[in-house]
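Structure at a glance
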Amino acid sequence: METKSYLLLWNKRKLFLSLFFWSLTLMSFQLMAQRQISGTITDGSTGEPLIGANILVRGSSSGTVTDFDGSFELNIPDDGSTVLDISYTGYKPMEIAVGSQSVLTLSLDPDFAALEEVVVVGYGTQKKRDVTGSISTLGEEKIGSLPVASGVQAMQGQVAGVDIQSAGGRPGQAPTIKIRGRRSISASNDPLFVIDGIPQTSGTSAITDINPQDIASMEILKDAAATAIYGSRGANGVIIITTKRGKSGKTVVSYDGYYGLTSAITNVDMMNTEQWMNMRREAFRNGYDGSIPSDEEVFQDDHLAGIAAGNDVDWLDLVLKDGFQTNHQLGLRGGSEKTQFNISLGYFDEDGIIDNMDYSRLSGRLNLDHTLNDIFKAGVSFTLSSSTQNWGSSATMGESLGNVPVGFAYQDDGVTPRFLPTNDGIRTNPLNEILPGAFVDERKVTRIFSPLYLQAKITDGLTFTSTFGPDIRFYERGEFRASLTNDNRGGPGDAEIQNATDVGYTLENLLNFTKDIGNSNLGVTFLQSIQSFQNTNHYTAVANLPYESQLFYNIGTASVKGNVASRLTEWKLASFMGRVNYSIAGKYIIQATLRADGSSRLSEGNKWNYFPGLSVGWRLSDEPMFATANWLNNLKLRASYGEVGNTSVNPYQTAGRLTRRVYSFGEANAFGFGLNEIPNPDLTWEVSSTVDVGMDFDVLNGRFSGTLDFYRTNTSDILLARQLPPTSGYTSILQNVGSTQTSGIEFGLTANIIDNPGGFRWSLDWNISSYKEQITELALKDADGNPTDDIGNGWFIGQPIRVWYDYNNIGIYQVDEADLAATAEAKVPGEIKLEDVNGDGIITADDRKIIGTDVPDFFGGLTTRFEYKGFDLSAFLYYRQGQTIFSNFHVGNNSLFARYNNLNVDYWSINNPGGTFPRPNQNQERPRNNSTMGYFDGSYVKLRNVTLGYNLPSSALENVGISSLRFYVSGQNLWFAAKYDTFDPEVDDPDTGDLPSLGAGTTPSTKIFLFGVKAQF
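Residues numbered from 1 in each chain as written. Predicted model: local features only at pLDDT ≥ 70, side-chain atom pairs only at ≥ 80, totals over all residues. Heavy atoms only, no water.

Where we set the bar: UniProt positions are given in the numbering used here, feature names are shortened, and annotations may be inferred rather than shown by experiment.
The name recorded for the protein chain in an unreviewed UniProt entry is SusC/RagA family TonB-linked outer membrane protein, from Flavilitoribacter nigricans. Database annotation for the protein chain, UniProt heading Subcellular location (unreviewed entry): "Cell outer membrane".

Put into structure tokens, the structure is as follows:
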């Protein structure tokens, strides 16, 4: 009775909405002879009435829904040919020919397809109902719903626990990605990517070579029990990418393409001429409360000339433009019972919002599977991709922000940029950076990736698969800087070239055994694997090129030969893995894994490490206690423990690498070689052990489903540099001495709120995650052996791995605080006032404290979709709350020195005592303690995507040979809300150092409006 009441309450709103909808459609029902039928619809397994089931007259818009006791009445044409389509969320649809019947008694069978869904778990697959680890899946539909350049961008905000941040607006720039936070202090925290079964060696850049339209699914392995099968590389999580394969049957030709215009999300508000002049006058004031000299004393002659000419140059407006982004994918998929194929050709091109910044990629793929006979099956996944990225000059943004608005952008002809807009030799014209051929930084990548497999079915339930995956990557980089660029400032042009080749292969032999034993199932997997990698790198730099049009293509003509370097890096990894899965009646599930990795990176005696994993699951929903709970379709509890490693030791690091030394030999320099570091043969992997407790649920016949996870990860043997006495000849030695802890919670929910097939549908996906990280041990110890803070490196026991440690800015000293300013900080009114943390009345280094961290309090995404008769509308919000960001715009571009242009801020003056920034002062290059001006709450909510689409009905396409056709318009990054509004707060630029900061070196993020077409033939 309670169950039924619950269902009644839940469906009440839907019932009234549906009845209203159907009443409108009935008003336009065809005028023909009709008759009334009635009936009931029940659950085929329990006999319970189904409330709100949909009944639709095929070929029309007429229909109704069942009421509170599962009954319905409906007028139908009285021609004896009526067919009803009946559907209900969580049940298999039904069609029934009414014929002459007047009363129908119908039942729908539950649809357990979601539970039978197959999930890729690494070296095999499992039914979703049998998964005991923390694994999230992103299917083809969700990946393809966002027009993006890479699969990583498609993941952002759609998977709980996966934190993805944009790295800026440069075309082709890879985002940063973290799964369940950070564990390592000094090594990489990037996840391992596995593409078509082959672990990748190139980090996040591995996925940029893959066209997202080629991806069938992405599985994200998050807990250590799930990632233990990847051993020493699984500590940061694993992302398994499976590309699309062919299917037997009709050959399908597909096209997927879009074109859109891009522009900067927001622009930095710099001072115009009037604002800059007022700031410079204030900067020249005699003291904080004295008089201001005349303009002839304040401004230089070139400033006065620009003012007289009426100059008010918006340098950012001169260099920023609208760009474009386009993507085209042509596919061919099909096959017979023996041979299946998938062929695709893709082209992606993005022209940036700053000239000389662009990215293009051409990719081709052939996935082929062939059944040789009853025993053998073979296949290949061949990928060929070629990309070109023009990185552009970072000085373009820097000089746009730094040049004063009274400068001269062009020479007298009004076309040619004036290299020095003023007489200040520090500032050069940003337009010179984007002249054709002036600054070139071209990066080309060609990749051949071709896993091959041979599978043998030895007996029923026993298969052997051998996979060989060669991976070859060619990298070419050419740089040229002309004379009139910011780098050379009128000096001779220079160039550099770099060529690198990665050659790797993976050979894996996999034995899988499955057997049903009564009501139980046993699965056993054994793996033998070897992976080899070789990198060769060559670099040459020259200067004094005789002519600039050669760029970097004829560097032998240069009169000055600079650095010449080459490098060879090799490593190998041998592995063995065993996994056992055992399920009893589908209710009690256990999985145990053990992997052994032997690495050439480690010293003799320490080469092998072992990584265990254990997970269990209990499907409570199958227990007798829930037999009558019709609202509960699935409830599974999970628990796991595992240990995984981080490939944190570089090749040759344990042996001690040589470096060249220069010393005096008589009156000449001589070269010798010495150790670059003290060898430490005891170095080993950083190891993370994780405990995870989770729950999977599915209620109300699939209307609500989701996951909930709690986890804690302890990472030990972290590589840190232990300080040594200078008398040793070295400053430090690398040792496994640190440890960290990361703990968190994740929640994901999918809701099918309204589901009327052929009518209105509304669904929602929401996820939220929160984690805390802390350092628990460092190299430094106190007299009692307890770990202590390492202030020099910014590492603190009990705090996150990356924090800002600084003085706390609490305002500006006012006139009535002159004595306090002089006593506490030797300052005057108008300067930054710092917090006296220890309360001793004097600001010293002891008053520094932790200002914030880049770890958010929580983050996640919300996607909502609406569908109605071929139309669909979706919106995706991404949010990140509670993190601190550092804005170098408020520091480096806010010197208040008045020599350069300045961020448009409300600065203090004797006439503006409410100003929140210090008084301009031409006697100091920057305010004292200016770093304290850069800390902001980085919380934001961003409208990541809005898409409106229309799928043409099949009846309109069947006569033109098209099976499906979809048109859509989409907008990305259209809006964001944040307390920090100077720039896009999402940017996490890895080029700015360990702690993320936003500043002149960061290319603005972009928004895009696009139009796209998807068609199948």
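Considering the overall build of the protein chain
Applied cut-off: Put simply, DSSP marks the helices as runs of H or I at least four residues long and the strands as runs of E at least two long, and each gets a number from the N terminus on. Burial classes: relative accessible area under 20% of the type maximum marks a residue as buried, over 50% as exposed, and values in between as partly exposed (1.4 Å probe, protein chains only). In this description, contact between two residues means that some pair of their heavy atoms is separated by no more than 4.5 Å.
What the protein chain contains, in helices and strands, is 12 helices and 48 strands. A principal-axis box enclosing the C-alpha atoms of the protein chain has dimensions of 105 × 70 × 65 Å. Counting the 1017 residues in the protein chain, one finds 53% classified as buried. Intrachain contacts of the protein chain at a sequence separation of at least 6 include 69% that bridge at least 24 residues.

Thoughts on the pattern of salt bridges
Spelled out, the test is: By definition, a salt bridge exists where a carboxyl oxygen of Asp or Glu is found within 4 Å of a side-chain nitrogen of Lys or Arg.
In total, this model carries 55 salt bridges according to the counting rule given. The partner of D369 in a salt bridge is R245, with the nearest N and O atoms 2.8 Å apart. Of the two residues, D369 is situated in strand β20 (residues 358-371) and R245 in the loop between β16 (238-243) and β17 (249-264); the sequence distance between them amounts to 124 residues. Two residues, R926 and E925, come together in a salt bridge whose shortest N-O distance is 3.7 Å. Among the charged side chains, a salt-bridge network with shared partners connects R180, K222, K636, R638, D692, D696, D709 and E746.

Here we look at the sheet that holds strand β43 (residues 884-887)
Let me state the cut-off plainly: Pairing between strands is defined by DSSP: at least two bridges between them are needed.
Strand order in the open sheet made by the 3 strands is β44-β43-β47, with mixed pairing throughout. Either end of the sheet is taken by a strand with one partner, and the two such strands are β44 (935-937) and β47 (997-998). Where β43 and β47 come together, 2 bridges link them in parallel fashion. Looking across to β47, one finds that F886 is bridged to S997.

Things to note about the UniProt feature "domain: TonB-dependent receptor-like beta-barrel" (unreviewed entry) in the protein chain
Look at the UniProt record and you will see "domain: TonB-dependent receptor-like beta-barrel" (unreviewed entry) annotated at residues 400-974. Along residues 400-974, the helical share is 2% and the strand share 54%, with 24 Å between the first and last C-alpha atoms.

Some words on the environment of P546
Structurally, P546 is set in the loop between β26 (520-543) and β27 (560-584). Put simply, P546 and T557 are 11 residues apart on the chain and 6.9 Å apart in space, counted from C-alpha to C-alpha. In this view, P546 contacts T557 and A558; residues no more than four positions away in its chain are not counted.

Observations regarding the nonpolar core
Considering soluble globular proteins, one finds that nonpolar side chains tend to be buried as a cluster. Selection criterion: Only buried Ala, Val, Leu, Ile, Met, Phe, Trp, Tyr and Cys residues count toward a nonpolar core, and they belong to the same one when joined by side-chain atoms within 4.5 Å.
The biggest cluster of nonpolar side chains holds 49 residues, and the ones touching the most others in it are V268, W276, L401 and F889. Those elements that place two or more of their residues in this core are α7 (273-283), α10 (315-319), α11 (395-402), α12 (818-825) and β39 (832-834). At 4 residues, the largest contribution of residues to this core is made by α7. When residues no more than four places from it in sequence are discounted, the contact partners of L401 are V268, M270, L316, F889, N893, N901 and A1000. Residues V159, I215, Y711 and Y878 belong to the second largest nonpolar core, which totals 30 residues.

A look at the packing of aromatic side chains
Aromatic rings in a pair are described by how distant their centres are and how their planes are angled relative to each other. Stated formally: Side-chain rings of Phe, Tyr and Trp (the six-membered ring for Trp) are treated as a pair once their centres are within 6.5 Å; stacked means planes under 30 degrees apart, edge-to-face means over 60, and tilted covers the remaining angles. Any Lys NZ or Arg CZ found within 6 Å of a ring centre and within 35 degrees of that ring's normal is scored as a charge over the ring.
Summed over the entire model, instances satisfying the criterion amount to 24 aromatic pairs. An angle of 20° between the planes, with centres 5.6 Å apart, marks the rings of W762 and F866 as stacked. Of this pair, W762 sits in strand β36 (residues 760-777) while F866 is found in strand β41 (residues 858-868), placing the two residues 104 residues apart along the sequence. According to the relative accessible area criterion, F866 is partly exposed, its value standing at 27%. Judged by centre distance (6.3 Å) and plane angle (80°), the ring pair of Y771 and F859 falls under edge-to-face. Residue Y771 is found in strand β36, and its partner F859 is found in strand β41; the two are separated by 88 residues along the sequence. Residue classification places F859 among the buried residues on the basis of a relative accessible area of 2%. Members of the aromatic cluster, connected to one another through ring pairs, are F697, F747 and W766. For the cation-ring pair, R447 lies above F449, with the distance from its terminal atom to the ring centre recorded as 4.8 Å.

Digging into unusual backbone geometry
At Y123, a residue that is not glycine, the phi angle is positive and equals roughly 55°. Relative to the elements of secondary structure, Y123 occurs in the loop between β8 (118-120) and β9 (125-127). Located in the positive-phi region is R489, a residue other than glycine, with phi close to 50°. Inspection of the secondary structure puts R489 in the loop between β24 (462-481) and β25 (494-517).

A closer look at the pairing of strand β45 (residues 940-951)
Note: strand β42 (residues 871-881) against β45, 10 bridges, orientation antiparallel. Opposite F876, over in β45, you have N945 as the bridge partner.

With respect to the sheet that holds strand β4 (residues 71-77)
Strand-to-strand pairing in sheets goes through backbone hydrogen bonds, with the strands running parallel or antiparallel. Keep this limit in mind: Only C-alpha atoms enter the line fits that serve as axes; for helices the fit covers just the stretch in contact. Angles between N-to-C directions range over 0 to 180 degrees.
On the basis of which strands lie adjacent, the open sheet formed by 3 strands has the order β4-β1-β7 and mixed pairing. The open sheet terminates on both sides in strands that have one partner only, identified here as β4 and β7 (103-108). Neighbour to neighbour, the strand axes of the sheet diverge by 35° on average, direction disregarded. Here strand β1 (residues 34-43) runs beside β7; their pairing, made up of 6 bridges, is parallel. When the bridges of β7 are listed, D43 appears paired with L108.

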